[in-house]
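Survey of secondary and tertiary structure
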Amino acid sequence: MVLTNNPFDEKNKIREKILDLLRRKKEYVSQDQIIRHLGIPRQELWQHINELKDSGCEIQAVPHLGYRLDSLPDRLFCFAVEEKLNTKFVGRKIYYLERCSSTMDIALKLASGNPLEGTIVLAEAQTKGRGRLGRHWVSPKYKGLYFTLILKPRIPPARTAVLTFLAAVSVCEAVKAVTGFRASIKWPNDVLINNKKCAGILTEIEAEPDLVKFVFIGIGLNVNNESQELLKGAISLKSAGAGQQKFSRIEILQEVLRRIEDNYLFLQKNGSAAILDKWKKLNVTLGKRVKISSARDQLEGEALDIDADGGLLVRSDSGKIRKFMSGDVVHLR
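Residues numbered from 1 in each chain as written. Predicted model: local features only at pLDDT ≥ 70, side-chain atom pairs only at ≥ 80, totals over all residues. Heavy atoms only, no water.

Looking now at the layout of surface pockets. Any space left empty among the atoms is revealed by the rolling of a water-sized probe across them. One number sums up the size of the largest pocket: a volume of about 870 Å³. Lining the largest pocket we find 45 residues, and of these R135, W137, D190, K197 and G200 sit closest to its centre. For the lining of the largest pocket, the secondary structure elements donating two or more residues are α5 (103–110), β5 (144–151), β7 (190–193), β8 (196–208), β9 (211–222) and β14 (328–331). Per-element tally for the lining of the largest pocket: the top contributor is β8, with 5 residues. (1 Å grid on protein atoms, 1.4 Å probe; cavity = no way out; pocket = protein on both sides within 12 Å on 5 of 7 lines; lining within 4 Å. Points joined across faces, edges and corners; volume = space filled by probe spheres on them. Helix = DSSP H or I, 4+ residues; strand = E, 2+ residues; numbered from the N terminus.)

Here's what the structure looks like:
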């Protein structure tokens, strides 16, 4: 499958192969070995090595010995993500980009080639990262996690909302496991720490009337953003900690992918209600007085529950209960 204006830079693939070779050898590797392994000219190898050094890779070059990798920068290289991931299918195929418009856009294009279930599109930065209702997701380079996961669930289109809940639960579980921070969920897709947004989830589908072909789950998570880089009401994992500790983006990404796979298999075995029960234990919306604004109107009332489709049930002051499948929620108290 070939994408129009293919964003997957061949240079990136070659550089990853160079790094993977040096990383696995853990000693000096001669130029001739690398050239034979990759099938590239000597001059091209020099260019790649220099560009890797410029990007923060510490590579020693010694005449007659070759190259040795001393350390890697904080990058989401495919080989680094795949190492010790230990999933069956989620994240086993990764498309990695330094920068793109949106990982969701790239994933939608990939769908024409029938990608494997569990494929992810992963970017270091997005120029047009988006959230619900077309909102912009700020995606600074090397600071957060920005990726889209492709799934092929055997569920009717009306039930795909549960996968947004599944993703939110998985992010909360992963954050707790890696950082110790207790994250919570605001309906429908905001992950909060200390009542500030640290992650957002966008779900889109490609479906026929009674058949889901693909579900695309886009996740943006603020990891090592500085406080001054964040929008009002947002938080990063780094800024949430008292010591402003930087976290390994690879470790967090791996844990998110593991949790998504575990919960996806749990969903297939136990059904939607089991995932919604997990979501309810982490949510901070139910039981609160809220104002919800949808495309049609707005309503104030008590958030009572979510139904099997993921819709929010709100009881107005008149006692009438309405169901919302989308909308902006403000917690009033």
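This brings us to the packing of helix α6 (residues 161–179) against helix α8 (residues 249–270). Orientation of α6 relative to α8, taken along the N-to-C sense of each, is 135 degrees, at an axis distance of 8 Å. With respect to their mutual orientation, α6 and α8 come out oblique. Crossing geometry of α6 relative to α8 is assigned as right-handed. Contact residues: V162, L163, L166, V169, S170, V171, E173, A174, A177 and V178 in α6; E251, I252, E255, V256, R259, I260, N263, Y264 and L267 in α8. (Axes fitted to C-alpha atoms, helices over the stretch in contact; angles between N-to-C directions. Parallel < 35°, antiparallel > 145°, perpendicular 65-115°, else oblique. Left-handed = near helix turned anticlockwise from the far one by under 90°. Contact = heavy atoms within 4.5 Å.)

Once that is clear, we can look at the confidence of the model for the protein. Chain-level pLDDT for the protein is 91 on average; 96% of the residues reach the 70-or-more range. Below a pLDDT of 50 lies the segment residues 1–5, which in the model reaches 7 contacts outside its immediate sequence neighbourhood of four places, other chains included. (pLDDT = per-residue confidence, 0-100.)

For the rest of this paragraph, the subject is the pairing of strand β11 (residues 298–306). By the bridge criterion, 5 bridges tie strand β10 (residues 289–293) to β11 in an arrangement that is antiparallel. The partner of S293 across the bridge, within β11, is Q298. Between β10 and the antiparallel strand that follows it, β11, lie 4 residues. By the bridge criterion, 5 bridges tie β11 to strand β12 (residues 312–316) in an arrangement that is antiparallel. Across the sheet, the residue bridging to E302 is R315, located in β12. Connecting the antiparallel pair β11 and β12 is a turn made up of 5 residues, with G310 showing a positive phi of about 90 degrees. (Pairing = 2+ DSSP bridges.)

Okay, the packing of aromatic side chains next. By the definition in use, this model includes 6 aromatic pairs. Between the aromatic rings of F181 and F247, the centroid separation amounts to 5.9 Å while the plane-to-plane angle is 80 degrees, which identifies the pairing as edge-to-face. Residue F181 is found in the loop between α6 and β6 (184–186), and its partner F247 is found in the loop between α7 (237–240) and α8; the two are separated by 66 residues along the sequence. Judged by relative accessible area, F181 falls into the buried class, the value being 18%. What makes F247 buried here is its relative accessible area of 9%. An aromatic cluster of at least three residues, connected via ring pairs, comprises F77, F79 and Y96. Taking NZ or CZ as reference, K93 lies 5.0 Å from the ring centre of Y95, over its face. (Phe/Tyr/Trp six-rings, centres within 6.5 Å; stacked < 30°, edge-to-face > 60°. Buried < 20%, exposed > 50% of the residue type's maximum accessible area, 1.4 Å probe, protein only. Lys NZ or Arg CZ within 6 Å of the ring centre and 35° of its normal.)

Once that is clear, we can look at unusual backbone geometry. A cis amide bond links W187 with the next residue in sequence, P188, at an omega value of 0 degrees. Here P188 shows up in the loop between β6 and β7. Even without being a glycine, K84 presents a positive backbone phi close to 65 degrees. Here K84 shows up in the loop between α4 (78–82) and β3 (94–97). Given the relative accessible area of 63%, K84 is considered exposed.

Inspection of every chain in the model, using the stated rule, returns 0 disulfides. With no disulfide of its own, C57 lies closest to C78 among cysteine sulfurs, the gap being 14 Å. Looking at the unpaired C100, the closest cysteine sulfur is the one in C78, lying at 13 Å. Judged by relative accessible area, C100 falls into the buried class, the value being 7%. (Disulfide = S-S within 2.5 Å.)

By the secondary structure assignment, Q60 is in strand β1 (residues 58–62). Q60 gets classed as partly exposed once you look at its relative accessible area, which sits at 36%. Separated by 188 residues in sequence, Q60 and S248 have C-alpha atoms that sit 24 Å apart. Among residues more than four places away in sequence, those in contact with Q60 are Y28, G66, Y67, R68 and D70. A polar contact of 3.2 Å, which involves the side chain of Q60, links it to the side chain of D70. (Polar contact = N/O pair within 3.5 Å; in protein donor to acceptor, adjacent residues only side chain to side chain.)

For the rest of this paragraph, the subject is the sheet that holds β8. Across the sheet, which stays open at both edges, the 7 strands sit in the order β3-β4-β5-β9-β8-β7-β6 with mixed pairing between neighbours. If you trace the sheet from one side to the other, it starts and ends with β3 and β6, each paired once. With direction set aside, neighbouring strand axes in the sheet form an average angle of 20 degrees.

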